[in-house]
Amino acid sequence: MLVRHYVQSQEYRRRLVPFFRRVAWRTLFSTNRRAFSAMVRVTLGRALRWLPMTVKARRLGVRLPMTLQVADEVACRASCANCCFTAFSGQRERLDFATLDRLFDEALALNVTIVYLMGADPFYRDDADGFLDLVARHRGQLFFLFTEGKRLTDAHLERIRRAGNILPTINIDGLRDATDRRKGAGSFEVVDALLAKLHAAKMPFLVTTMVSRENFDEVTGAAFARWLDDRGAWMIAYLPYTPADAAAERGLVMDEPMRLRLFERSLGLNREVRRLVVLDLLGIEQHLTACPAAAYSVTVYHDGTVTPCPAATFGDRDGNIHRRSLEDIYVNGRLYRGIRALRAQAGGSLACLFYTDKKFFREYLSANRDSVNVLNPGATQVLQEGP
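Residues numbered from 1 in each chain as written. Predicted model: local features only at pLDDT ≥ 70, side-chain atom pairs only at ≥ 80, totals over all residues. Heavy atoms only, no water.

A. Representation of the overall build of the protein within the structure. The secondary structure content of the protein amounts to 16 helices and 11 strands. In terms of overall dimensions, the protein is globule-like: its C-alpha atoms have a radius of gyration of 20 Å, near the 21 Å expected for 387 residues. Along the first, second and third principal axes, the C-alpha set of the protein runs to 50 × 50 × 45 Å. Residue burial in the protein is summarised as follows: out of 387 residues, 57% are buried. Expressed as a percentage of contacts within the protein between residues at least 6 apart in sequence, the contacts between residues at least 24 apart total 75%. (Helix = DSSP H or I, 4+ residues; strand = E, 2+ residues; numbered from the N terminus. Rg over C-alpha atoms; globule rule 2.2 N^0.38 Å. Buried < 20%, exposed > 50% of the residue type's maximum accessible area, 1.4 Å probe, protein only. Contact = heavy atoms within 4.5 Å.)

B. Region of the structure containing the state of the cysteines. Across all of its chains, the model carries zero disulfides by this definition. Note on Cys 291: no disulfide assigned, nearest cysteine sulfur contributed by Cys 352 at a separation of 5.1 Å. When its relative accessible area of 6% is taken as the criterion, Cys 291 is described as buried. (Disulfide = S-S within 2.5 Å.)

C. Molecular detail of the packing of aromatic side chains. Across all of its chains, the model carries 11 aromatic pairs by this definition. Aromatic pair Phe 104 and Phe 143: ring centres 5.0 Å apart, planes at 65 degrees, arrangement edge-to-face. Of this pair, Phe 104 sits in helix α4 (residues 97-108) while Phe 143 sits in strand β3 (residues 142-147), placing them 39 residues apart in sequence. Residue Phe 104 is classed as buried on the basis of its relative accessible area, which comes to 0%. (Phe/Tyr/Trp six-rings, centres within 6.5 Å; stacked < 30°, edge-to-face > 60°.)

D. Structural view of the pattern of salt bridges. The final tally for this structure, using the stated rule, is 25 salt bridges. The partner of Arg 102 in a salt bridge is Glu 106, and the shortest N-O contact between them spans 3.1 Å. Of this pair, Arg 102 and Glu 106 both sit in helix α4, four residues apart, roughly one helical turn. Judged by its relative accessible area of 30%, Arg 102 falls in the partly exposed class. Note that Arg 259 is salt-bridged to Glu 256, the shortest N-O span being 3.3 Å. (Salt bridge = Lys/Arg side-chain N within 4 Å of Asp/Glu carboxyl O.)

E. Representation of the sheet that holds strand β2 (residues 114-119) within the structure. Read from one edge of the open sheet, nine strands run β7-β6-β5-β4-β3-β2-β1-β8-β9, paired in mixed fashion. Edge positions in the sheet fall to β7 (277-280) and β9 (306-307), since each has one partner strand and no second. Pairing between strand β8 (residues 297-301) and β9: two bridges, direction antiparallel. In the strand pairing of β9, Thr 299 is matched with Thr 307. (Pairing = 2+ DSSP bridges.)

F. Region of the structure containing the environment of Met 254. Secondary-structure assignment places Met 254 in the loop between β6 (235-240) and α11 (256-269). According to the relative accessible area criterion, Met 254 is buried, its value standing at 6%. Sequence separation of Met 254 and Thr 242 is 12 residues, and the distance between their C-alpha atoms is 8.8 Å. What Met 254 contacts, discounting residues up to four positions off in sequence, is Val 211, Ser 212, Arg 213, Phe 216, Pro 240, Arg 259 and Leu 262.

The structure is reproduced here in structure tokens:
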């Protein structure tokens, strides 16, 4: 339910399914009543829509997406060092509640029941309570709400507990020294206390960890994983550090051998913990499944631009939810159709088009520079680096 990958090979099942059984067990026996009810409701709703959605997909001639990523209000005020959203520091635009409400409904009409709320930490918003209430009303979907955790109050936690369909996803990039260095003195104590509250309330929560050369050994070590396991985290999702602007520390980027080590080490860590599931998301896509862009997921940014994925921060100028429906852009958008055509040529499976095989995006940006909206020039810079 909470883990949704795309092309499941026999090797994928052999290496990962045993760990995912932990998630199923915790869903049944270690979840508060409201969260459990939300998971069951969303799962049953998706199952009941399976037949009409299958007919719809055949009529449209595309595979319907499985997840929606919303990178909203990207000018985050949390000020974590080396965050990928520092490139948007001057950007104050965001999707209003009415647009978000419509977007979630349009996603559900495509049977998208998993929504990742990324971008700025929502608990720095002056309307955070209203934002949580809006999300809670969409009872047919589960929302992974990304936050650094320091502004998440007891009142917010109570709203999340009552909603059931909101899963806090906490960014933690190391133990005490690393956390305080990146997020400010005292940050570790605040986050540690937050995890204890979530665990005591039996609220499912995940952890995202940005991995770089600087913190690689610490965050892939058994001590870090066991600490999160003891605090009740359900999953760690490793994400590679990617420079997003001119001020970023490019020397922190992992090379390919280190990324391979991250993939293998993440699998091994699952044997060091009791309940936690440890995932290297990019590694899984590269080695066991496939790139989800344009066929399994859809991403919407703060100004309404629909992009291929959260990392590839560009999209066609006419591919904007303020002007067209999400379904129309997903099915008929030129960039999305181009990626699906490339996927068909590759036999249905692609390596990551942003980190691994950059040719398509390079050529698309070059050929369509006048009709593409580039939200973050740092992304195009990454595409010009390496093979």
